[in-house]
Amino acid sequence: MKFVEVNGIKLSQLMIGTGDIKKWGSTEMLDQFVAAGGTAIDTAHQYREAEKIVGQWLRETGNRDRVVILTKGAHHDDGSPGARVIPEAIRKDLSESLERLGTDRIDLYALHRDDPSVPVGPVIEELNRHLEAGTVRAIGASNWTYLRIKEANEYAASHGLKGFMFNSVNLSLAKANEPRWEGCVSADEATSDWHKANQLPLLSWSAQAGGFFAGLFSPEDRSNAEMVRVYYNDDNWERYRRAVKLAEMKGVSSNQIALAFVLNRPFPTGAIIGPRSQSELNDSLQAMNIELTGEQLEWLNLEREELA
């Protein structure tokens, strides 16, 4: 297992997502992930029952000190109507997450969505109160643009406070035509350049683009409306063809190449995965061992015509 560090917290580069944990029917996948060396679990207040299930699993297994918990709050569609990226909503969601998870601290706490109309100052001040209290060990943004993160961190620096310590947006080899869900943000070239310059860790959700590179789809098959809406375009099909070619050269799968693309960035990255079986988990674990050169990364991303 390879690791990434956030504010001194060491976590596995692969993180297991729990958004669909109710569909699993059991917590066996969490057991398998930890047995394989995984240490990071992604959940959210907005996932409703997921935090409770993870909390029960933590109590039953005694794994709280073995794992790093990333949870998120202040989602625009979670709880009372009206503004939610505000101190009151952050306090409410965090308190309820702590109770559901049965823990006294959240290792990585992120704001699940942004509200660009809200000033960053009160948000950063509120998050710093929880850092000082020890109920949160690291703060981050999920689905904020890098410009808003930059603004927030500049505010923090000028007021003697701590800024966002990680970012969680979509980063994948396939580039999204439009947000997969309302308010979501995908990392574009400018975002990646900013992360490279600042070395802020990026923890990607949908790192494998919903299975776009798994060989399950084709340009002619348009039966999956969401995949067509989000990922179907000529450039992504060319990226898919290149991933298949490089996978054949390396003796791996195209899906593993797509995940390796995320894990081999010139800045710290993690990938949130959603395996539905032991074989899918093993597939992702093996992708961590794939090394991609700068030239290969550029070629996969259509920045080069030829692969040396």
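Keep in mind the model is a prediction, meaning the values are calculated, not measured. (Residues numbered from 1 in each chain as written. Predicted model: local features only at pLDDT ≥ 70, side-chain atom pairs only at ≥ 80, totals over all residues. Heavy atoms only, no water.)

Some remarks on the overall build of the protein
At step 1: Counting its regular elements, the protein contains 12 helices and 10 strands.
At step 2: Over its C-alpha atoms the protein spans a radius of gyration of 19 Å, differing by no more than 12% from the 19 Å that the globule rule assigns to 308 residues.
At step 3: Its C-alpha atoms give the protein principal-axis dimensions of roughly 50 × 45 × 35 Å.
At step 4: A total of 308 residues make up the protein; the buried ones form 55% of that total.
At step 5: Taking as baseline every contact in the protein between residues at least 6 positions apart, the subset at least 24 positions apart corresponds to 76%.
At step 6: Looking at the protein as shown, the accessible area adds up to about 13,400 Å², and 47% of this sits on carbon and sulfur atoms. (Helix = DSSP H or I, 4+ residues; strand = E, 2+ residues; numbered from the N terminus. Rg over C-alpha atoms; globule rule 2.2 N^0.38 Å. Buried < 20%, exposed > 50% of the residue type's maximum accessible area, 1.4 Å probe, protein only. Contact = heavy atoms within 4.5 Å. Areas by Shrake-Rupley, 256 points an atom, 1.4 Å probe, with all protein chains shown as cover.)

Observations regarding the environment of asparagine 167
At step 1: Positionally, asparagine 167 belongs in strand 8 (residues 166-168).
At step 2: Placed 26 residues apart in sequence, asparagine 167 and alanine 141 show a C-alpha to C-alpha distance of 5.0 Å.
At step 3: Of the polar contacts made by the side chain of asparagine 167, one reaches the side chain of histidine 195; its length is 3.1 Å. (Polar contact = N/O pair within 3.5 Å; in protein donor to acceptor, adjacent residues only side chain to side chain.)

Overview of the pairing of strand 10 (residues 269-273)
The two faces of a sheet get side chains in turn, since along a regular strand they alternate between them.
At step 1: Of all 5 residues that make up strand 10, 5 are buried, and the element is covered over most of its length.
At step 2: Of the two faces of strand 10, both are covered, the one formed by Thr269, Ala271 and Ile273 as well as the one formed by Gly270 and Ile272.
At step 3: Pairing between strand 3 (residues 14-17) and strand 10: 3 bridges, direction parallel. In the strand pairing of strand 10, methionine 15 is matched with isoleucine 272.
At step 4: Here 3 bridges tie strand 9 (residues 202-204) to strand 10, and the two strands are oriented parallel to one another. (Pairing = 2+ DSSP bridges.)

Regarding the environment of aspartate 65
At step 1: With respect to the helices and strands, aspartate 65 occurs in the loop between helix 3 (50-61) and strand 5 (68-73).
At step 2: For aspartate 65, a relative accessible area of 68% gives the class exposed.
At step 3: Put simply, aspartate 65 and threonine 39 are 26 residues apart on the chain and 9.7 Å apart in space, counted from C-alpha to C-alpha.
At step 4: Within polar-contact distance, the side chain of aspartate 65 engages the side chain of arginine 105 at 3.0 Å.

Things to note about the packing of aromatic side chains
At step 1: Scanning the entire structure with this criterion turns up 11 aromatic pairs.
At step 2: Their ring planes at 70 degrees and their centres at 5.1 Å tell us that tryptophan 144 and phenylalanine 164 sit as a pair that is edge-to-face. Highlighted residues: tryptophan 144 in the loop between strand 7 (136-142) and helix 6 (146-158) and phenylalanine 164 in the loop between helix 6 and strand 8, separated in sequence by 20 residues.
At step 3: What makes tryptophan 144 buried here is its relative accessible area of 1%.
At step 4: Look at tyrosine 232 and tryptophan 237: their rings are 5.1 Å apart centre to centre, the planes differ by 75 degrees, and that puts the pair in the edge-to-face class. Across the pair, tryptophan 237 and tyrosine 232 agree in class, each one buried.
At step 5: Among the aromatic side chains, those forming a connected cluster through ring pairs are Phe212, Phe213, Tyr231, Tyr232, Trp237 and Tyr240.
At step 6: Just above the ring of phenylalanine 3 sits the side chain of lysine 10; from NZ or CZ to the centre is 4.7 Å.
At step 7: Taking NZ or CZ as reference, arginine 265 lies 4.4 Å from the ring centre of phenylalanine 261, over its face. (Phe/Tyr/Trp six-rings, centres within 6.5 Å; stacked < 30°, edge-to-face > 60°. Lys NZ or Arg CZ within 6 Å of the ring centre and 35° of its normal.)

Some remarks on the pairing of strand 1 (residues 3-6)
At step 1: Only one face of strand 1 is buried, namely the one carrying Val4 and Val6, since none of Phe3 and Glu5 on the opposite face is buried.
At step 2: Taken together, strand 1 and the strand that follows it, strand 2 (residues 9-12), pair antiparallel across an intervening segment of 2 residues, in which asparagine 7 is found at a positive phi of about 50 degrees.

Re helix 4 (residues 87-101)
At step 1: For helix 4, built from 15 residues, the straight-helix expectation of 21 Å at 1.5 Å per residue is met to within 8% by its first-to-last C-alpha distance of 21 Å.
At step 2: Listed as buried for helix 4 are Pro87, Ala89, Ile90, Asp93, Leu94, Ser97, Leu98, Arg100 and Leu101. Take helix 4 and look down its axis: the buried residues cluster within an arc of 165 degrees, on one side only.
At step 3: Buried residues in helix 4 make contact with helix 3, strand 5, strand 6 (106-111), helix 5 (120-133) and strand 7. (Expected span 1.5 Å × (residues − 1). Arc of directions from axis to C-beta.)

These values are about where atoms sit, not about what they do.
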